[in-house]
Amino acid sequence: MSGTGTENQTRSGDGAGRPAAPGSAGSFHAMWRELLPVGRHPGTGGYRRYAWTPADAECRAWFRQQASARGLAYEVDRNGNQWAWAGDPAAGDAVVTGSHLDSVPDGGAFDGPLGVVSAFAALDELRARNVQLTRPLGIVNFGDEEGARFGLACVGSRLTAGRLTREQAHRLTDGDGITLPKAMEAAGYDPDAIGPDPERLARIGAFVELHVEQGRALDVTGDRVGVASAIWPHGRWRFDFRGEANHAGTTRLADRRDPMLPYAETVLAARREARLAGAVATFGKIAVEPNGVNAIPALVRGWLDSRAPEQGTLDTVIEGIEAAAREHAVAHGVGLEVTRESFTPVVEFDHALRDELARILGKEAGLKVPVLGTGAGHDAGILAGAVPTAMLFVRNPTGVSHSPAERAEEDDCVAGVLALADVLEGLACR
Ligand SMILES: [Zn+2]
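Being a predicted model, the structure only gives us computed values, none of them experimental.

What counts and how
Residues numbered from 1 in each chain as written. Predicted model: local features only at pLDDT ≥ 70, side-chain atom pairs only at ≥ 80, totals over all residues. Core = buried A, V, L, I, M, F, W, Y, C linked by C-beta atoms within 7 Å. Buried ≥ 20, exposed ≤ 12 C-beta atoms within 10 Å, placed from the backbone. Helix = DSSP H or I, 4+ residues; strand = E, 2+ residues; numbered from the N terminus. Domains from an automatic or database assignment. Contact = placed C-beta atoms within 7 Å. Pairing = 2+ DSSP bridges. Axes fitted to C-alpha atoms, helices over the stretch in contact; angles between N-to-C directions. Parallel < 35°, antiparallel > 145°, perpendicular 65-115°, else oblique. Left-handed = near helix turned anticlockwise from the far one by under 90°. Nonpolar A, V, L, I, M, F, W, Y, C, P; charged D, E, K, R; others polar. Expected span 1.5 Å × (residues − 1). Arc of directions from axis to C-beta.

With respect to the nonpolar core
Among the nonpolar cores identified, the biggest contains 117 residues, and Leu392, Leu420, Val423 and Leu424 are the most heavily contacted of them. Of the residues forming this core, the biggest block, 12 residues, is contributed by helix α13 (residues 410–428). Counting contributing residues, this core receives three or more from each of domain 1 (23–232 + 346–428) and domain 2 (236–343). When residues no more than four places from it in sequence are discounted, the contact partners of Val423 are Val208, Leu357, Ile360, Leu361 and Leu392.

Dropping the structure here:
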């Protein structure tokens, strides 16, 4: 890695013909370019930064290097979250910003890293402004936010907030049968130390997560930056359809107990129920046994992700999907088991902090700041139960996320950095 991150440094451009950008914009671009190749699959162009893998370790090394380049105190908490501190967190009432560096399978470059890179760049901006911190300022990289490997999102923040016990976390297993403790151990961390960390949370007076928008609301309103109002309630359900494996060539249709058929009907039902309710529902992952092209499946296991603006709506959607699944399973002589694997109720962000952000950005920076709800889960949503929490969204011109096509314009990213710097200055500086 090249030496980056000292504030007031003027970058010499990025080789693509763009002029040198001073201050925080320059430091943003330099950090962005460093992180860009890490964990990117050469074939798909998507990111595969899964928790406790070598790509994750490289991202974490990058974080540590950024902390050290700025003379920040660096620490890893017992749940594997990384922290970089300006000022002493023991003083309490700290302002913390950051996000995550891991990704979904073939995820985009922005979901997560934009918040971490913007955090360091915003600190550079504050230093360039020569403002004095009156509260400790922390930058955090939460571990295993996406849940791509172990199937549960926000493991690092959930553990810290006491929303996931050590025993539950120890039972998490990846697709290769490797348990979370084994994976943590292999990456050099102590899985027996994980668990709630109320002392750490008690030191935080405000947490602000900047994130690329995962939708097109800001593009529609023509704004670069928005403030979050709430995260929709959301959850993951596993549908196990059990039938009977048999020969695809010799078994008469009438004699089959094919679990693929009720599964297919359930996928269609999910779409219908979500559309009728103004919610979203997705079967995006499936496992088939024995998974042979010439075999009727014995088992089709599908994972449903569903979210809605309100709890009652989500309940109605899930009940409708489950009823359809049962009806079709019975019709095809197939067994069905539905398991709720995770659930997060609606998260209303702290109203006072949200209004403070809108005030800082609206009055001091002169921005028109839309307030948006979101269907995506975030570490901020987990922390919101324990500390005053807010989120900033940066415009995503296509709305595409969790895909290599996810993007944000450079100018919008820089606007995000400056907005975050304004917010941090308003909250933590004199
Ligand atoms: Zn994210």
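Examining unusual backbone geometry
Following Glu289, the chain continues to Pro290 via a peptide bond in cis, the omega torsion being 0°. Looking at the element boundaries, Pro290 is found in the loop between β9 (280–289) and β10 (295–296). Its identity is not glycine, yet His402 carries a phi of approximately 55°, on the positive side. Tracing the backbone shows His402 in the loop between β15 (389–394) and α13.

Here we look at the pairing of strand β11 (residues 299–307)
Counted residue by residue, β11 has seven buried out of nine residues, so it is predominantly covered. Direction of pairing for strand β7 (residues 234–242) relative to β11: antiparallel, over a ladder of nine bridges. Bridge pairing in β11 links Phe241 to Val300. Sheet analysis places β9 next to β11, joined by nine bridges and oriented antiparallel. Paired with Lys285 across the two strands is Trp303, which belongs to β11.

Description of the packing of helix α1 (residues 23–35) against helix α3 (residues 113–129)
It is at 8 Å that the axes of α1 and α3 come closest, and there the two elements cross at 150°. By the angle between their directions, the pair α1 and α3 is classed as roughly antiparallel. Relative to α3, the crossing made by α1 is right-handed. Residues Gly23, Ser24, Ser27, Phe28, Met31, Trp32 and Leu35 of α1 pack against Pro113, Val117, Ser118, Phe120, Ala121, Ala122, Asp124, Glu125 and Ala128 of α3. Here the residues of the contact of α1 with α3 sort into 10 nonpolar, four polar and two charged.

A look at helix α9 (residues 260–277)
Across its 18 residues, α9 extends 26 Å between first and last C-alpha, which sits within 8% of the 26 Å expected from 1.5 Å per residue. What α9 keeps buried is the set Leu261, Pro262, Tyr263, Thr266, Val267, Ala269, Ala270, Glu273, Ala274 and Ala277. In this fold, the buried residues of α9 make contact with β7, β9, β11 and α10 (311–331). Just downstream of α9 lies Gly278, where phi reads positive at about 70°.

Observations concerning the packing of α3 against α13
Angle between the axes and distance between the axes are the two parameters that describe a pair of packed helices. The interhelical angle for the contact between α3 and α13, taken along N-to-C directions, is 60°, at an axis separation of 8 Å. Between α3 and α13, the interaxial angle falls into the category oblique. You can see that α3 and α13 cross each other, and the crossing is right-handed. Listed contacts from α13 to Leu114, Ser118, Ala119, Ala121, Ala122, Glu125, Leu126 and Arg129 of α3 are Cys413, Gly416, Val417, Leu418, Leu420, Ala421, Leu424 and Glu425. A class-by-class count of the residues in the contact of α3 with α13 yields 11 nonpolar, two polar and three charged.

Topic: the domain arrangement of the protein chain
Frequently, the measure chosen for interface size is the accessible area that the parts lose on association. Looking at the protein chain, the domain boundaries give domain 1 (23–232 + 346–428) and domain 2 (236–343). Contact residues are listed per partner, giving seven residues for domain 1 and eight residues for domain 2. Here the side of domain 1 that touches domain 2 is built from residues that sort into four nonpolar, three polar and no charged.

Here we look at the pairing of strand β1 (residues 73–76)
Bridge count for β1 against strand β2 (residues 82–86) is four bridges, and the pairing is antiparallel. Directly across from Tyr74, in β2, lies its bridge partner Ala84.

Points about helix α2 (residues 54–69)
Along an α-helix, a turn takes 3.6 residues, which lines up residues three or four apart on a common side. The terminal C-alpha atoms of α2 lie 22 Å apart, and with 16 residues this matches the ideal 22 Å at 1.5 Å per residue to within 8%. Taken residue by residue, α2 has Asp56, Cys59, Arg60, Trp62, Phe63, Gln66 and Ala67 as its buried positions. Buried residues of α2, seen end-on, are gathered within an arc of 150° and therefore sit on one face of the element. Opposite the buried face of α2, at more than 90 degrees from it, the exposed residues are Pro54 and Ala61. Turning to α2, the residues buried within the fold contact α1, β1, β2, α3 and β4 (137–142). At the exit of α2 stands Gly71, carrying a positive phi of roughly 70°.

Observations regarding the sheet that holds β11
Across the sheet, which stays open at both edges, the four strands sit in the order β9-β11-β7-β12 with antiparallel pairing between neighbours. The sheet terminates laterally at β9 and β12 (335–344), the two strands that pair on one side only. Each strand of the sheet is rotated relative to its neighbour by a mean of 15°, with strand direction disregarded. With respect to the sheet, α9 is in contact with β7, β9 and β11, its orientation differing from that of β9 by roughly 170°.

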